Amino acid sequence: MSQEQKYDRVGSSLLFIAIVATMALGSCQFSAPSSDFGTDICTLSQTHYEASQAVPIGSTLLRSTALTQSVQTGESDVIITKTKLGLMRQGWPTGRLTLKLEQDNAGKPSGLELTSATATLDFISDEARATSTLETYHQWFDFDFGTDVTLTANKTYWLVVRTSAAQNESTYPLWTASNLNPYTTGVGLYESTTLSGTQFTDLAITENRDLTFALCSPSPSPSPSPSVAVFEQELRVPSPSPSR
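One structure accompanies this document, and this report is about it.

About the cut-offs
Residues numbered from 1 in each chain as written. Predicted model: local features only at pLDDT ≥ 70, side-chain atom pairs only at ≥ 80, totals over all residues. Heavy atoms only, no water. Pairing = 2+ DSSP bridges. Helix = DSSP H or I, 4+ residues; strand = E, 2+ residues; numbered from the N terminus. Axes fitted to C-alpha atoms, helices over the stretch in contact; angles between N-to-C directions. Buried < 20%, exposed > 50% of the residue type's maximum accessible area, 1.4 Å probe, protein only. Polar contact = N/O pair within 3.5 Å; in protein donor to acceptor, adjacent residues only side chain to side chain. Contact = heavy atoms within 4.5 Å. Phe/Tyr/Trp six-rings, centres within 6.5 Å; stacked < 30°, edge-to-face > 60°.

A closer look at the sheet that holds strand E3 (residues 66–72)
Pairing in this open sheet of six strands is antiparallel, and the strands run E6-E5-E10-E3-E12-E13 from one edge to the other. Here the strands that pair on one side only, and so sit at the sheet edges, are strand E6 (108–123) and strand E13 (199–201). Between one strand and the next, the sheet's axes are offset by a mean angle of 25°, whatever the strand orientation. Judged from the nine bridges that link them, strand E5 (residues 95–105) and E6 form a sheet pairing that is antiparallel. Pairing of Lys100 across the sheet is with Thr118, part of E6.

Re the side chain of Lys84
With respect to the helices and strands, the residue Lys84 is situated in strand E4 (residues 78–90). On the basis of relative accessible area, Lys84 is assigned to the buried category, the value being 5%. Looking at Lys84, its side chain comes within polar contact range of the side chain of Asp40, at 2.9 Å. In this structure, Lys84 is in contact with Phe37, Asp40, Cys42, Trp140, Phe141, Asp142, Thr212, Phe213, Ala214 and Cys216, ignoring residues within four places of it in sequence.

A look at the packing of aromatic side chains
Tallied over the entire structure, the rule returns two aromatic pairs. Aromatic side chains Phe37 and Trp140 sit 5.2 Å apart centroid to centroid with 75° between the ring planes, which places their arrangement in the edge-to-face category. Taken together, the residues Phe37 in the loop between helix H1 (3–22) and strand E1 (41–46) and Trp140 in strand E9 (residues 139–151) connect sequence positions 103 residues apart. Judged on exposure class, the residue Phe37 and its partner Trp140 are both buried. Judged by centre distance (5.2 Å) and plane angle (85°), the rings of Tyr183 and Phe213 are edge-to-face. Of this pair, Tyr183 sits in the loop between strand E11 (172–178) and strand E12 (188–192) while Phe213 sits in strand E15 (residues 213–217), and the two are 30 residues apart along the sequence. Judged by its relative accessible area of 0%, Phe213 is buried.

Thoughts on the pairing of E4
Across the 13 residues that make up E4, a large majority, eleven, are buried. Note: E4 against E9, nine bridges, orientation antiparallel. What sits directly across from Lys82, in E9, is Asp144. Two strands pair when backbone bridges link them, and E4 and E15 are joined in this way by four bridges, in the antiparallel orientation. When the sheet's bridge partners are listed, Thr83 is paired in E15 with Leu215. Here four bridges tie E4 to E11, and the two strands are oriented antiparallel to one another. By the bridge assignment, Gln90 is partnered in E11 with Tyr172.

Now the structure itself:
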């Protein structure tokens, strides 16, 4: 192992301790998988989170501006139109999050996004007025692709999220997560710039941490009720014939 690799491993371990200490934002809380999604049909999801285990996007703690979560499809193709992510904030961040759905390459994002599988979310904060798009607690946010996106059966895909904001020590969005390995067929990673080159790793956030997500499509519109034609028939009672 080179001196650089030793430094990176020690440094990342210290970063993990710093993240846990800095991000103790609340006690354990878990979302309700169905009621949060309204009428959307979400066939693939990881909805468990603990506030203190959210992972920063664009923090100098990780020296990273991108996070990713792998998703495994089942026996059938899946058609989605949007992805929901659990987000919160530290400080008063402003910027844009871009979500891309990418193919897999040997257990990491390939950099090859699916056609039309890109969506953005602008977040704004005004510290003077104490207002922000994001809150200091978990909320679901929609990333709408605007069209159908088909995921092939029995394949791994990656939800890759990047922030446009510069890395900051105390102000950044967070992607909510749980380190109890709630999604056993996937894993959460961050893009590290402290290792040799730039690559996705779980070194400072543990291999059991899964980021929250839900892959969804709107519920189908109900079929219109068939029109029922109502015919009214006027009944006429014939007058009796006059007596003779």
